[in-house]
Amino acid sequence: MTEVLLTSPSVTKAILISQFLQARAWWRLDSAGASALHVARSVVSLLDAAAYLQGIPEDDPDLLALQAMGCFRSGAFDPGPEGAEIVKKWQLADEASAGPRDLLTELVRAAHGNPRAVPIGIPTR
């Protein structure tokens, strides 16, 4: 799994996820297997999600949930095995079925099933 490292104090959780998704989009582009149309849809969807995340505030409940579930460690975003599988297969279907926020929500759902997650409270606004 590709690990994206925190390189500057100004790098946010959203940027780390965005960098991870961009790396996975490039991986998808270089991978064989799926049809060209499916690959293109997946790549565009991952890049769209990466761009969407650039505007997410640090106190977004989904980002806080991912943090609480241990997805940000040592300056890197790691969605865990289930989250990585979700990203790997994102939008490889015949038609687009979900948007950028849906991907973030799916990553949170996957993180809840992560055995390394530390259960802590998530502050509310």
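Here, the structure is the one placed above.
What counts and how
- Residues numbered from 1 in each chain as written.
- Predicted model: local features only at pLDDT ≥ 70, side-chain atom pairs only at ≥ 80, totals over all residues.
- Heavy atoms only, no water.
- Helix = DSSP H or I, 4+ residues; strand = E, 2+ residues; numbered from the N terminus.
- Buried < 20%, exposed > 50% of the residue type's maximum accessible area, 1.4 Å probe, protein only.
- Contact = heavy atoms within 4.5 Å.
- Areas by Shrake-Rupley, 256 points an atom, 1.4 Å probe, with all protein chains shown as cover.
- Salt bridge = Lys/Arg side-chain N within 4 Å of Asp/Glu carboxyl O.
- Expected span 1.5 Å × (residues − 1).
- Axes fitted to C-alpha atoms, helices over the stretch in contact; angles between N-to-C directions.
- Parallel < 35°, antiparallel > 145°, perpendicular 65-115°, else oblique.
- Nonpolar A, V, L, I, M, F, W, Y, C, P; charged D, E, K, R; others polar.
- Phe/Tyr/Trp six-rings, centres within 6.5 Å; stacked < 30°, edge-to-face > 60°.

Chemist: Describe the overall build of the chain, with residues and values.
Modeler: When helices and strands are counted, the chain shows 5 helices and 3 strands. Listed by position from the N terminus, the elements making up the chain come as β-α-α-α-β-β-α-α. Taken across its 125 residues, the chain has 44% of its residues classed as buried. Here the analysis covers contacts within the chain between residues at least 6 apart in sequence; of these, 75% occur between residues at least 24 apart. Total accessible area on the chain is roughly 6700 Å²; 58% of this is exposed by carbon and sulfur atoms.

Chemist: Quick rundown of the pattern of salt bridges? Include the residues and the values.
Modeler: A side chain of one charge can pair with a side chain of the opposite charge when the charged atoms of the two come close. Taken as a whole and judged by the stated rule, the model has 6 salt bridges. Two residues, R101 and D62, come together in a salt bridge whose shortest N-O distance is 2.8 Å. A residue pair is termed long-range when its members are at least 10 positions apart, and R101 in helix α5 (residues 100-112) and D62 in helix α3 (residues 61-68) qualify at 39 residues. Of the residues examined, R101 reaches a relative accessible area of 28% and is grouped as partly exposed. We classify D62 as buried; its relative accessible area is 17%.

Chemist: Help me get a handle on helix α1 (residues 13-30), residues and values and all.
Modeler: Under the 1.5 Å per step criterion, the end-to-end length of α1 is 26 Å for 18 residues, consistent within 8% with the ideal 26 Å. Residues K13, A14, L16, I17, S18, F20, L21, R24, A25 and R28 constitute the buried set of α1.

Chemist: Go over the packing of helix α2 (residues 36-53) against α5, please, and point to the residues and values.
Modeler: For the pair α2 and α5, the least separation of the axes is 8 Å and the interaxial angle reads 85°. In terms of orientation, α2 and α5 fall into the roughly perpendicular class. Here α2 contributes L46, D48, A49, Y52 and L53 to the contact with α5, which in turn contributes P100, R101, L103 and L104. Per-class residue counts for the contact of α2 with α5 are 7 nonpolar, no polar and 2 charged.

Chemist: Run through the packing of aromatic side chains, naming residues and quoting values.
Modeler: Overall, the coordinates contain 2 aromatic pairs when judged by the stated rule. A centroid spacing of 5.4 Å and a plane angle of 80° characterise the contact between F20 and F77, whose relative ring orientation is edge-to-face. Taken together, the positions of F20 in helix α1 and F77 in strand β3 (residues 76-77) put the pair 57 residues apart, joining distant regions of the chain. Note on F72 and F77: the rings are 5.3 Å apart at their centroids and 45° apart in plane angle, and the pair reads as tilted. The class for F72 is buried, based on a relative accessible area of 18%.

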